[in-house]
Amino acid sequence: MSKPSPMRRMPQIAHVDVNCFYASAERAFDPSLEGRPVVVLSNNDGCAVTRSPEAKALGIGLGEPWFKLAPRAKEWGLVALSSNYELYGDISARVMELLGRYSAWLEVYSIDEAFLGVKGAPEDLLILGQTMKAAVRRNVGVPVCVGIAGTKTLAKLANKWAKHNPAFDGVCHWDSVPAGDREALMGRLSVIEIWGVATRLTKRLNALGLRSILDLSRADPVMIRDRFSVVVMRTVLELQGTPCIPMEEERIGRDQLIFSRSFATPITTAAGMRQVLSVYGQQASARLAKHGLQAKVLTAFAGTSHFNPNDTSYPSVCVPLPMPTADPVLLTRAAHALLPHIQEGIKYARAGIMVTDLRPTGNQAPLALFQNPHEERHIGTLLEDVTRRYGRGSIGLGHAGIRGGPDWTMKRDMLSPRYTTHWDELPLVKAA
C-alpha cells in the first residue's frame, strides 16, 4: 500500500462564514421572509447594512439610505428590519459553539465567521465541510459556506468561490480543484478581492502591474516586502501556499473599549448629555467587570452631524484616572469632564466614551490612601449581573438610573422579536 502524500497529511484551515448573516438570522425565526428581498438597517434605521440576495438583485446597494428605499418598498415587496443585535449575538454564539465541536482549534474571527484547524485527506475534508454546513443549518437555522485550504488567505478565497458557484454546493476544498481552474479564477479576480487588501493598496499594486490575484500570487515576496510591508509579503506567501497567519485563540485582553452611538433625537443641553455619559459610564463599568479588567484612562467625546453645516462642535476630553478602575462612579465622573465643553442649543448627534490602558483586575493593588470603597463593594459586577438577568435599563446609578428609556436612545421602529434572549418574546408554536 502506498503511503499518503505529504499534501494529504498536512493540516488545513477551514473558513466558515454565515451567508448574509443578519438577514439569515431573521429568517431563522420568520420563514415568511424566505425568498423575499430583505434589508437590515443600521443604527437609527439609517441605511442598509445587510441585503439578502433578492435585495441585491433589485440593485439595492450597501449603505443605501432607507428614506430613499422606503417609497418603493411596497412595489418591490421589500422587507426592512431594524438591527436586532441581541438576536444576532445569540445566533452567532450558537453557531460558534456548534463549530467548536468539529475542531479543537477554533478562532472566532467576527460575528459571522470563524477559522478551524482541520486534518484529513481531501475527500474527508469535503465530507467534514458538508457535515458542518448541514449541522449549522439543522441546529441553528442559518446557511453557511465553507472554504478549506492550506492557508487562511486561500481558505477565505475558497469560501468566496463556494458562495458564488453553485457547483460546489457551499463547500470548496482548494486543493481538490484542478490547478487550471484555480488559476483561471485568480486571473479573473482583482487584488481588492483578497483578504486584507483595501482600495489604497489596490491602487499601489496596480501601479506595479499587479492587477489580479494571480498576478500577486506570482510576485516576488522579497520585492513585495521592500516595496510595501511584511504584512503584504505574508499575503503573497499565503497565496503561494505557505502559511504565515497563525491560528489565534479568542482575544480576551482588549486594548480599549468604546461605547458610542448616534442619537435618534439630537441632544441640545448639557443636562441631556450628562444622562448620556452617565449611561455609557455604567455600561463601561459593567463590561470591564465582565472581562475582569480595569481602565487607567477615559476619553469622552461628542459631535454634531456632518450633514448639519449650521452647527459644528466636536468636543473631547482625555481624563487620566487616579488608579486602574472599573468603578461606575469614577468612570461616570470622568466622563462628565466633557460637560463644560458642551454648547447649549447645539444639536449633538453622537457621543461616546472610550476606556484605554486596560489591565487585569487586581494586577496593581492601590495604597490604602487611594482605595475606592465603591470598587471594594463590586458595584460594577453588580450592575453587570442585574443587567444580564433583567435587561438593560433595569438598574442605574445617578443620572443613569432612568426608566422607560430616554428619547435619545437608538431608533429601531422595525425591530423583530428577540426570540432567544427575552422570555416575553419567545416564539410560539401553535398546534393545528
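Residues numbered from 1 in each chain as written. Predicted model: local features only at pLDDT ≥ 70, side-chain atom pairs only at ≥ 80, totals over all residues. Heavy atoms only, no water.

Enquirer: Can you help me understand the confidence of the model for the protein in this one?
Expert: Should pLDDT be low for a region, the predicted coordinates there are not to be read in detail. With 83% of its residues at a pLDDT of 70 or more, the protein has an overall mean of 84. Mean pLDDT across the elements of the protein ranges from a minimum in helix H1 (residues 6-9), with 48, to a maximum in strand E7 (residues 144-149), with 97. Between residues 1-8, whose pLDDT stays under 50, and residues either more than four places distant or in other chains, the model counts 7 contacts. Taken together, the stretch residues 249-253 has pLDDT below 50 and engages in 1 contact with residues farther than four places along the chain or on a different chain. (pLDDT = per-residue confidence, 0-100. Helix = DSSP H or I, 4+ residues; strand = E, 2+ residues; numbered from the N terminus. Contact = heavy atoms within 4.5 Å.)

Enquirer: Please explain the layout of surface pockets as it appears in this structure.
Expert: Empty space among the atoms becomes apparent when a probe as large as a water molecule is rolled across them. Here the second largest pocket is characterised by a volume of approximately 1,100 Å³. When residues of the lining of the second largest pocket are traced back to their parent elements, those giving at least two are strand E1 (12-18), helix H2 (21-29), strand E3 (48-51), helix H3 (53-57) and helix H7 (152-164). Split into classes, the residues belonging to the lining of the second largest pocket amount to 14 nonpolar, 8 polar and 13 charged. (1 Å grid on protein atoms, 1.4 Å probe; cavity = no way out; pocket = protein on both sides within 12 Å on 5 of 7 lines; lining within 4 Å. Points joined across faces, edges and corners; volume = space filled by probe spheres on them. Nonpolar A, V, L, I, M, F, W, Y, C, P; charged D, E, K, R; others polar.)

Enquirer: Can you help me understand helix H9 (residues 199-207) in this one?
Expert: Every α-helical turn comprises 3.6 residues, leaving residues that sit three or four positions apart pointing alike. Residues of H9 that are buried: Leu 201, Thr 202 and Leu 205. For H9, the angular spread of buried residues about the axis comes to 105°, placing them on one side. Across from the buried face of H9, at angles greater than 90 degrees, the exposed residues are Arg 200, Lys 203 and Ala 207. Those residues of H9 that are buried are in contact with helix H10 (213-217) and helix H12 (230-239). Just downstream of H9 lies Gly 209, where phi reads positive at about 85°. (Buried < 20%, exposed > 50% of the residue type's maximum accessible area, 1.4 Å probe, protein only. Arc of directions from axis to C-beta.)

Enquirer: Looking at this structure, how should I read the environment of Trp 66?
Expert: By the element assignment, Trp 66 lies in helix H4 (residues 66-76). Residue contacts for Trp 66: discarding those within four places in its chain leaves Leu 41, Asp 45, Gly 46, Cys 47, Ala 73, Leu 78, Ala 80 and Met 414.

Enquirer: Would you explain the pattern of salt bridges in this entry?
Expert: Once their charged atoms are close, side chains differing in charge can pair, the charge on each being opposite to the other. All chains considered together, the criterion is met by 14 salt bridges. Here Arg 94 and Asp 90 are joined by a salt bridge, their closest N and O atoms 2.6 Å apart. Taken as a pair, Arg 94 and Asp 90 lie in helix H5 (residues 85-99) at a separation of 4 residues, close to a single helical turn. Overlapping salt bridges bring together Glu 86, Arg 418 and Glu 425 as one network. (Salt bridge = Lys/Arg side-chain N within 4 Å of Asp/Glu carboxyl O.)

Enquirer: What is the right way to look at the sheet that holds strand E2 (residues 38-41) in this model?
Expert: Strand-to-strand pairing in sheets goes through backbone hydrogen bonds, with the strands running parallel or antiparallel. Across the sheet, 3 strands lie side by side as E3-E2-E4; this open sheet has mixed pairing. Two strands lie at the open edges of the sheet, namely E3 and strand E4 (79-81), each paired on one side alone. Put simply, the sheet's adjacent strands are angled 30° from each other on average, direction ignored. (Pairing = 2+ DSSP bridges. Axes fitted to C-alpha atoms, helices over the stretch in contact; angles between N-to-C directions.)

Enquirer: Looking at this model, I keep getting lost on the nonpolar core. Mind explaining?
Expert: Where a protein is soluble and globular, its nonpolar side chains tend to be buried together. By size, the foremost hydrophobic cluster in this structure holds 33 residues, and its most contacted members are Trp 174, Leu 205, Leu 216 and Ile 224. Residue contributions to this core peak at 6 residues, all from H7. (Core = buried A, V, L, I, M, F, W, Y, C linked by side-chain atoms within 4.5 Å.)

Enquirer: I keep staring at the packing of helix H13 (residues 270-290) against helix H14 (residues 328-335) and nothing clicks. Help me out?
Expert: Between two packed helices, what matters for the description is the angle formed by their axes and the separation of those axes. Packing of H13 against H14 brings their axes to within 8 Å, and their N-to-C directions diverge by 140°. Between H13 and H14, the crossing angle belongs to the class labelled oblique. With respect to the hand of their crossing, H13 and H14 are arranged in right-handed fashion. Where H13 abuts H14, its residues Leu 277, Ser 278, Gly 281, Gln 282, Ala 284, Ser 285 and Leu 288 lie against Pro 328, Leu 331, Thr 332 and Ala 335. Considered class by class, the residues forming the contact of H13 with H14 number 6 nonpolar, 5 polar and no charged. (Parallel < 35°, antiparallel > 145°, perpendicular 65-115°, else oblique. Left-handed = near helix turned anticlockwise from the far one by under 90°.)

Enquirer: Please explain the side chain of Ser 103 as it appears in this structure.
Expert: As for its position among the elements, Ser 103 is in the loop between H5 and strand E5 (106-110). Overall, Ser 103 belongs to the buried group, its relative accessible area being 11%. A distance of 3.0 Å separates a polar atom in the side chain of Ser 103 from the backbone nitrogen of Trp 105. At 2.6 Å, the side chain of Ser 103 and the backbone oxygen of Gly 117 are in polar contact. Not counting chain neighbours up to four residues away, the residues in contact with Ser 103 comprise Leu 116 and Gly 117. (Polar contact = N/O pair within 3.5 Å; in protein donor to acceptor, adjacent residues only side chain to side chain.)

Enquirer: Which parts of the structure should I look at to understand the sheet that holds E1?
Expert: Read from one edge of the open sheet, 5 strands run E5-E6-E1-E7-E8, paired in mixed fashion. Of all the strands in the sheet, just E5 and strand E8 (171-173) have a single pairing partner and so form its edges. Across the sheet, the axes of successive neighbouring strands diverge by a mean angle of 15°, strand direction being ignored. Examined bridge by bridge, E5 and strand E6 (residues 113-118) share 4 bridges and lie antiparallel to one another. Looking at E6, one finds that Leu 106 is bridged to Leu 116. Here helix H6 (residues 122-139) sits on the sheet and contacts E1, E6, E7 and E8; the angle it forms with E8, its principal contact strand, is near 155°.

Enquirer: Would you mind showing me how to read H5 here?
Expert: With 15 residues, H5 should cover 21 Å at 1.5 Å per step; its first-to-last C-alpha distance of 21 Å lies within 8% of that length. Along its buried surface, H5 packs onto E1, H2, E2, E5, E6 and H6. (Expected span 1.5 Å × (residues − 1).)

Enquirer: Any chance you could explain the pairing of E7 here in plain terms?
Expert: Along any regular strand the residues' side chains alternate between the sheet's two faces. E7 sits mainly inside the fold: 6 of its 6 residues count as buried. The side-chain alternation of E7 yields two buried faces, one formed by Val 144, Val 146 and Ile 148 and the other by Cys 145, Gly 147 and Ala 149. The sheet contact formed by E1 and E7 spans 6 bridges and is antiparallel. Opposite Asp 17, over in E7, you have Cys 145 as the bridge partner. Of the pairings in the sheet, the one linking E7 to E8 comprises 3 bridges and is parallel in character. Across the sheet, the residue bridging to Gly 147 is Cys 172, located in E8.

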